[in-house]
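Fold and geometry: a report
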Amino acid sequence: MGEEVERTEYNHAHRQEYRRKVQLCLDVFETMLSQSSFEFDRPLTGMEIECNLVDGNYQPAMANQNVLAEIADPAYQTELGAYNIEFNVPPRALPGRTGIELEAEVRESLNVAETKANADGAHIVMIGILPTLMPEHLDGGWMSESTRYQALNDSIFRARGEDIQIDISGPEPLSLYSPTIAPESACTSMQLHLQVSPADFASNWNAAQVLAGPQVALGANSPYFFGHQLWAETRIELFTQATDTRPDELKTQGVRPRVWFGERWITSIFDLFEENVRYFPSLLPQVSDEDPVAELAAGHTPQLSELRLHNGTVYRWNRPVYDVVDGRPHLRVENRVLPAGPTVVDMVANAVFYYGMLRTLSEEDRPLWTKMSFAVAEHNFLEAARHGMDAHVYWPGLGEVSADELVLRQLLPMADEGLRAWGVAAEVRDQFLGVIEGRAKTGRNGAAWQVSTVQALQEGGMTRPAALAEMLRRYCDHMHANEPVHTWD
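Residues numbered from 1 in each chain as written. Predicted model: local features only at pLDDT ≥ 70, side-chain atom pairs only at ≥ 80, totals over all residues. Heavy atoms only, no water.

To be explicit about the condition: UniProt positions are given in the numbering used here, feature names are shortened, and annotations may be inferred rather than shown by experiment.
The protein chain has the name Glutamate--cysteine ligase in an unreviewed UniProt entry, where Mycobacterium branderi is given as its organism. Looking at the Catalytic activity (unreviewed entry) heading of the UniProt record, one finds this comment for the protein chain: "L-cysteine + L-glutamate + ATP = gamma-L-glutamyl-L-cysteine + ADP + phosphate + H(+)".

Rendered as structure tokens:
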């Protein structure tokens, strides 16, 4: 959920002091980068899974406080919506049989959590957007109990000065206004972390940006919002609009959105932090007592609290992370493009594919991003979000190509090569890249299955709300069986 804050309202003095501290943190961060004082000898990977809670009728259950009390595990935390929880998977190194061990561990933990949630009449669902979520569910009592979330909501609306417009195209376009950031809570994702050295950060971030389009095409799992069929991965556009601090006039002026793909390839992680400070005003100007200059001079690792807090309110799809663990600083690329679900095996396959591709792309002698414009990478990303496996994207050496052809012809061998370089066992490569291959060959990801199932149910006489609930019931059965989505009926 991010770090908690102390208040929901801030005055001019808070904002002025916060701006000073953020700039000070940025200066100290630049000094630390020049000294190469970061831990990266044994790179770790990490995963966060945001989940939804539903009742026995597969409707949203605003019960995360009770469910978390039943689960009683610090790995599970609140998210923005009272019907959301987040599972933080312990970090680990990638080589060997880690993928298989990760799948087993995540399944076991989620099964235990599901059993405990059942005691409160709730069920856990891993999906990009809960398809049974309707406007009436977000009228009141939708937000988790948190000063941070309330402060974030108030700050966004203070910056906008008006209600948020949600206007999304698709087969069944949707347009509405929201007086809160409640629609953001509908967006539940899987986040992948990779610890990297300062010298390797730029190549890994650039590679992640190149890969974002194919990732979304393969993993799309959010075709419905408020009962409308929209994009294959509606979560991408919904999250962008639901946290937009810009009224129309600022959009026209070219002011950048808080949810941001970016606008250029980078040469250093500092580029991203510096852009975040230069382009985006504070949303949560919470000031700490730390003097980062004095901490660094004393030989300690500064927390850089203000810089980290500010960074957490700029929602890049591939986010730079500075963190401190056991007194040692490290850097991570946080990949945020994928939705949650449909199954643990699908999510681990997505992760294995991502880490393999990142290794290959980031170590090429002539990197792919030197052969394509940044604007093309963003176009691929949005096309994939709109159309999923039906998307056509641009790839150097191939030109415009269908997502399935790109994956089968080009990306799977690259992912396998990268995983070999990581020292990943052959059985892990075969098992999880086999899932990706099956998805590409069938064209069936979570979004495609959801849409085809709802259409079949409606053709059988069900109303849209009933069809969405029945589809979600079947989805949950498949989710618990843990068979990859491309094999679902």
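**Points about the overall build of the protein chain**
Cut-off, in case you're wondering: Put simply, DSSP marks the helices as runs of H or I at least four residues long and the strands as runs of E at least two long, and each gets a number from the N terminus on. Radius of gyration here is computed from C-alpha atoms only, and the compact-globule reference equals 2.2 Å multiplied by the residue count raised to the power 0.38. Only heavy atoms enter the contact rule, under which two residues are in contact if any of them lie within 4.5 Å. Computed with the Shrake-Rupley method and a 1.4 Å probe, the accessible areas treat only the protein chains shown as cover for residues. When charges are counted, neither His nor the chain ends are considered; positive counts come from Lys and Arg and negative counts from Asp and Glu. Here the site of a charge means atom NZ of a Lys, CZ of an Arg, CG of an Asp or CD of a Glu.
Of the regular secondary structure elements, the protein chain holds 16 helices and 15 strands. Its C-alpha radius of gyration of 22 Å places the protein chain within 12% of the 23 Å reference for a compact globule of 489 residues. Taken along its principal axes, the extent of the C-alpha atoms in the protein chain is 70 × 50 × 45 Å. Counting contacts in the protein chain only where the partners sit at least 6 residues apart, residues at least 24 apart contribute 75% of the total. Split by element, the accessible area of the protein chain, about 18,500 Å² in all, is 47% carbon and sulfur. Put simply, the protein chain has 39 plus and 69 minus side-chain charges, and the middle of one group is 4 Å from the middle of the other.

**A look at the packing of helix α13 (residues 403-422) against helix α14 (residues 426-442)**
What counts here: Here an angle of 0 to 180 degrees is reported between the N-to-C directions of two axes, which are lines fitted to C-alpha atoms, with helices fitted over the stretch in contact. Roughly parallel means an angle under 35 degrees; roughly antiparallel means over 145; roughly perpendicular covers 65 to 115; every other angle is labelled oblique. We call Asp, Glu, Lys and Arg charged. Ala, Val, Leu, Ile, Met, Phe, Trp, Tyr, Cys and Pro are nonpolar, and the rest, Gly among them, are polar.
Packing of α13 against α14 brings their axes to within 10 Å, and their N-to-C directions diverge by 170°. Classed by the angle they form, the pair α13 and α14 counts as roughly antiparallel. Across from Asp404, Val407, Leu408, Leu412, Ala415, Asp416, Leu419 and Arg420 in α13, the residues of α14 making contact are Arg429, Leu433, Ile436, Glu437, Ala440 and Lys441. Here the contact of α13 with α14 is built from residues that sort into eight nonpolar, no polar and six charged.

**Observations regarding the environment of Tyr83**
Rule in force here: By the criterion applied in these results, polar contacts are pairs of N or O atoms within 3.5 Å in which, for protein atoms, one can donate a hydrogen and the other can accept it, and in which residues neighboring in sequence qualify only through two side-chain atoms.
Mapping Tyr83 onto the fold places it in the loop between β2 (76-78) and β3 (84-92). The spatial distance from the C-alpha of Tyr83 to the C-alpha of Asp55 is 10.0 Å, given a sequence separation of 28 residues. Once you skip the residues sitting within four places of it in the chain, Tyr83 turns out to touch Cys51, Asn52, Leu53, Pro60, Ala61, Met62, Leu130, Leu133, Leu138, Ser185 and Ala186. A polar contact of 2.8 Å, which involves the side chain of Tyr83, links it to the side chain of Ser185.

**Considerations on the side chain of Arg258**
What counts is decided by this rule: The buried label goes to any residue with under 20% of its type's maximum accessible area, the exposed label to any with over 50%, and the partly exposed label to all in between, with areas taken from a 1.4 Å probe on protein chains only. One speaks of a salt bridge when a side-chain nitrogen belonging to Lys or Arg is within 4 Å of a carboxyl oxygen belonging to Asp or Glu.
With respect to the helices and strands, Arg258 occurs in the loop between α7 (248-252) and β10 (259-260). Notably, Arg258 is buried but unbridged: the nearest opposite-charge side chain belongs to Asp244, and the N-O separation is 8.3 Å. Here the side chain of Arg258 touches Pro281 through a polar contact of 2.7 Å, landing on its backbone oxygen. Excluding anything up to four places from it in sequence, Arg258 contacts Thr243, Thr245, Phe280, Pro281, Leu283, His310, Thr313, Val314, Tyr315 and Arg316.

**Overview of the nonpolar core**
A general feature of soluble globular proteins is that nonpolar side chains tend to end up buried together. As a reminder, the rule being used: Here the nonpolar core consists of buried residues drawn from Ala, Val, Leu, Ile, Met, Phe, Trp, Tyr and Cys, with membership extended through side-chain atoms lying within 4.5 Å.
Membership of the largest hydrophobic core comes to 162 residues, with the highest contact counts inside it found for Phe29, Ile49 and Phe353. When residues no more than four places from it in sequence are discounted, the contact partners of Phe29 are Phe38, Ile269, Phe270, Phe273, Leu304, Leu307, Tyr322 and Leu331.

**Observations regarding the pairing of strand β1 (residues 45-54)**
Defined as follows: DSSP bridges decide pairing: two strands pair if at least two such bridges lie between them.
Among the 10 residues that make up β1, 10 are buried, leaving the element largely enclosed by the rest of the structure. Taking every second residue as pointing to the same face, both faces of β1 are buried, with Thr45, Met47, Ile49, Cys51 and Leu53 on one and Gly46, Glu48, Glu50, Asn52 and Val54 on the other. As paired strands, β1 and β3 are joined by seven bridges and run antiparallel to one another. Counterpart to Thr45 in the pairing with β3 is Arg92. Relative to strand β7 (residues 189-196), β1 is paired through five bridges, and the arrangement is antiparallel. Note that in β7 the partner of Thr45 across the bridge is Leu194. Judged from the three bridges that link them, β1 and strand β4 (residues 123-125) form a sheet pairing that is antiparallel.

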